[in-house]
Amino acid sequence: MAIQAGLVGLPNVGKSTLFNALTKSSIPAENYPFCTVDPNIAITNVPDERLTRLAQIFKSQKLIPTTVKFVDIAGLVKGAAEGQGLGNQFLGHIMEVDLVLHVLRCFEDDNITHVHNAVNPLDDFETICAELMLKDLESVSKREERLNALAKKKPTGQEAKDLELEKTFIQNTKDALNKGDAHQVHALVTQAKADGIQAIPLLSGKNFLIIANLSEDDYMGKNYTANKHYQALINRFGADKVIPVSAKIESELAQMNDAEAAEMMASLDITEKGLDTIISKAYTNLGLITFFTCGPKEAHAWSIHKGIKVPQAAGEIHSDLERGFICAEVYNCQDLFSAGNENALKASGKIRTEGKDYIVQDGDLLDIRFNV
């Protein structure tokens, strides 16, 4: 699936270090070298212990996890909306991603200068959002001119209704942008999608997560709960939106084998890799769920958008399966784990046959019946 999350941040916040850690832990595909304008890309496996358990049950020879694509969007500085720092190209890269990951500096270090000469992650966030909203205001103003020109042609029927709906959306969005209210812009974009309004894409309307980059000392043993910068982010965005991480520690862990990484994490009183949390939360916030196909040859995890019906899910495996879809044999992996094996699951009656209107649930195992 062409789904991707983009890392953005001001200079010297640790974004490149974090992305390099993602790159080292990524699968060897589409890993482009760094250059001035084109963003780096890393395709990273999504941690999912369910796949490992399924492979053990089916005695699968191969595991194929699902993935998330991360894009390193460099060069965002104050004035980007006016083209500073090659801003137009970088803002264009942000437009292409589905989820924005704001990397914000929460550590003090006299040896690493801050672009604003003071560590303040909330101010950094506002600087980035201001550039996104300035660019959006330019786009909205152009669209408003276009809609006014269309209105002069006096459309009728559904065309007239659609025009009025979009004009209302544009005006409300323009007001929110002028007030600098990114939260309201996001809410308007979300509502427009729900109402079926064909709204223009907006940078500041994209879903986002906050990555709080902490010092090694603050990340050890969750000492970051006392970090004032981290707490300011939690108070502003809520715990679900903020991911604590130490880019320096993640960079070191990414270069180790599993045993070495486990030993280092234990010595630092770290229970989970920050990268794993970033990957998992990005996956969830992209609106993705996972279904599985399993057998002795391979246990395969597949990504789909939540709410997808089973024929479309089958199409992710192969287009022929969607085109010739008849039905699917379905059960959830949690039921299999409880039963222990497929025979016990069959005896419990938890395996069922579903037709084309079935909406696939996270953790489903599918066996597709088709004819082409």
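Not measured: the values here are computed from a predicted model.

For Asn 12, which is not a glycine, the phi torsion comes out positive at approximately 65°. For Asn 12, the location among the structural elements is in the loop between β1 (4-8) and α1 (15-24). The partly exposed category is assigned to Asn 12, whose relative accessible area is 40%. Of note in this structure, Lys 154 is not a glycine but carries a positive phi near 50°. Inspection of the secondary structure puts Lys 154 in the loop between α4 (121-151) and α5 (157-179). With a relative accessible area of 68%, Lys 154 lands in the exposed category.

What follows deals with the pattern of salt bridges. Scanning all chains against the criterion turns up 14 salt bridges. The partner of Arg 236 in a salt bridge is Glu 126, and the shortest N-O contact between them spans 2.7 Å. Of the two residues, Arg 236 is situated in helix α8 (residues 228-237) and Glu 126 in helix α4; the sequence distance between them amounts to 110 residues. On the basis of relative accessible area, Arg 236 is assigned to the partly exposed category, the value being 42%. Shared partners join several salt bridges into a network, and the residues in it are Asp 48, Arg 50 and Asp 362.

Ordered in space as β2-β4-β1-β5-β6-β7, the 6 strands form an open sheet in which the pairing is mixed. Here the strands that pair on one side only, and so sit at the sheet edges, are β2 (40-45) and β7 (242-245). Within this sheet the neighbouring strands show an average axis-to-axis angle of 25°, counted without direction. Alignment of β2 against strand β4 (residues 67-72), held across 6 bridges, turns out to be antiparallel. Its bridge partner being in β4, Thr 44 is matched across the sheet by Val 68.

Calculation rules
- In this numbering scheme, every chain counts its residues from 1 along its sequence in written order.
- Side-chain atom pairs in this predicted model are given and counted only at pLDDT of 80 or more, local residue features only at pLDDT of at least 70, and totals for whole chains, interfaces and linings cover all residues.
- Excluding hydrogens and water, the side-chain values take into account all heavy atoms of the structure.
- Only DSSP runs of H or I with at least four residues qualify as helices, and only runs of E with at least two residues qualify as strands; both kinds are numbered from the N terminus onward.
- Remark: exposure states derive from per-residue accessible area (1.4 Å probe, protein chains only) relative to the maximum for the residue type, with buried under 20%, exposed over 50%, and partly exposed in between.
- Salt bridge, as used here, is a side-chain nitrogen of Lys or Arg placed within 4 Å of a carboxyl oxygen of Asp or Glu.
- A pair of strands is labelled paired if DSSP reports no fewer than 2 bridges between them.
- Inter-axis angles, ranging from 0 to 180 degrees, are taken between N-to-C directions of lines fitted to C-alpha atoms, where helices are fitted over the stretch in contact.

Nothing here speaks to function; it is geometry throughout.
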